[in-house]
Amino acid sequence: VSKAGYAIDHCQFIVEKLKPELEFYEKILGAKVLKKAPHVAQIEVGKHVFILSEPEGLLMDRDVIVQKEANKFYPGIDHIGFLYKDAAAMNDAYQKAVNAGYRGLMKPTPMLYYDKPTPYTFGILFSPEGFQVEFEIESGGRYGPRTLYQ
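Values in this document were obtained by computation on a predicted structure and should not be read as measured data.

What follows is about the sheet that holds strand E7 (residues 116-126). Across the sheet, 4 strands lie side by side as E5-E8-E7-E6; this open sheet has mixed pairing. Looking at strand neighbours, the two that pair on one side only are strand E5 (79-83) and strand E6 (104-113), the edges of this open sheet. With direction set aside, neighbouring strand axes in the sheet form an average angle of 25°. Relative to strand E8 (residues 132-138), E7 is paired through 7 bridges, and the arrangement is antiparallel. Looking at the pairing, Ile124 lines up with Glu134 of E8. Against the sheet, helix H1 (residues 18-29) contacts E5, E7 and E8, and its axis sits at roughly 20° relative to E8.

Structural data, given as structure tokens:
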């Protein structure tokens, strides 16, 4: 809990099919299942809690859920990024996912900004339902949350 008296409790993703999404997070990101019910799974990835829910798990009618097209960006949250301590671990995780048949959008690549190197390298995979998952490192040594410049 922060000084403000609150903290992020969890992130929730509504998925069409729970099983393939859950397998992706378990196999590729080492997710630990904390709780599981017929249409819902609570998982922990990197000490953060995520909830994967089919609409029925939230007592929602599937007909009111907008289907996402995997090859289009949408306003709002369009990806989740996982920051690794070193390039080898990041590259291994990315390659493990590709070898397991998950679709990559971009292999881990050093980023340029106006043709100049940045400290960032990242790759992007799609989860089974097309959610973008970013694997990244920062060569400057940061592997925790960013802090504000003051």
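Let us now look at H1. Spanning 12 residues, H1 covers 16 Å between terminal C-alpha atoms, matching the ideal 16 Å at 1.5 Å per step. Buried residues of H1: Leu18, Glu21, Leu22, Phe24, Tyr25, Ile28 and Leu29, and no others. The buried residues of H1 all sit within an arc of 160° when viewed along its axis, so they share a single face. A positive phi of about 65° marks Gly30, the residue just after H1.

Within the element layout of this structure, Ala37 appears in strand E2 (residues 32-37). Taking the C-alpha atoms as reference points, Ala37 and Ser53, separated by 16 residues in sequence, lie 9.5 Å from one another.

Our focus in this paragraph is the packing of aromatic side chains. One pair of aromatic rings is described through two measures. These are the centre distance and the angle between the planes. Evaluated as defined, the whole model comprises 8 aromatic pairs. Residues Phe13 and Phe131 carry aromatic rings whose centres are separated by 4.9 Å and whose planes lie at 45° to one another, so their mutual orientation is tilted. Residue Phe13 is located in strand E1 (residues 11-14), and its partner Phe131 is located in the loop between E7 and E8; the two are separated by 118 residues in the primary sequence. No difference in accessibility class separates Phe13 from Phe131, as the two residues are buried. On the numbers, 6.2 Å between centres and 90° between planes, the contact of Tyr94 with Phe135 is edge-to-face. One end of the pair, Tyr94, is in helix H2 (residues 87-99); the other, Phe135, is in strand E8, and 41 residues separate them in sequence. By the ring-pair criterion, three or more aromatic residues cluster together here, those being Phe13, Phe50, Phe82 and Phe131.

What follows is about the confidence of the model for the protein chain. The pLDDT averaged across the protein chain works out to 84; a share of 85% of its residues lies at or above 70. Within the protein chain, the lowest mean pLDDT, 85, falls on E5, and the highest, 96, falls on E2.

If you walk across this open sheet you meet the 4 strands as E1-E4-E3-E2, and the pairing is mixed. Every other strand in the sheet has two partners, leaving E1 and E2 as the edge strands with one partner each. Across the sheet, the mean angle separating the axes of adjacent strands is 20° when strand polarity is ignored. In the packing of H1 onto the sheet, the strands contacted are E1, E2, strand E3 (40-45) and strand E4 (48-53), and the crossing angle to E3 comes to about 15°.

The rules behind the values
Residues numbered from 1 in each chain as written. Predicted model: local features only at pLDDT ≥ 70, side-chain atom pairs only at ≥ 80, totals over all residues. Heavy atoms only, no water. Pairing = 2+ DSSP bridges. Helix = DSSP H or I, 4+ residues; strand = E, 2+ residues; numbered from the N terminus. Axes fitted to C-alpha atoms, helices over the stretch in contact; angles between N-to-C directions. Contact = heavy atoms within 4.5 Å. Expected span 1.5 Å × (residues − 1). Buried < 20%, exposed > 50% of the residue type's maximum accessible area, 1.4 Å probe, protein only. Arc of directions from axis to C-beta. Phe/Tyr/Trp six-rings, centres within 6.5 Å; stacked < 30°, edge-to-face > 60°. pLDDT = per-residue confidence, 0-100.

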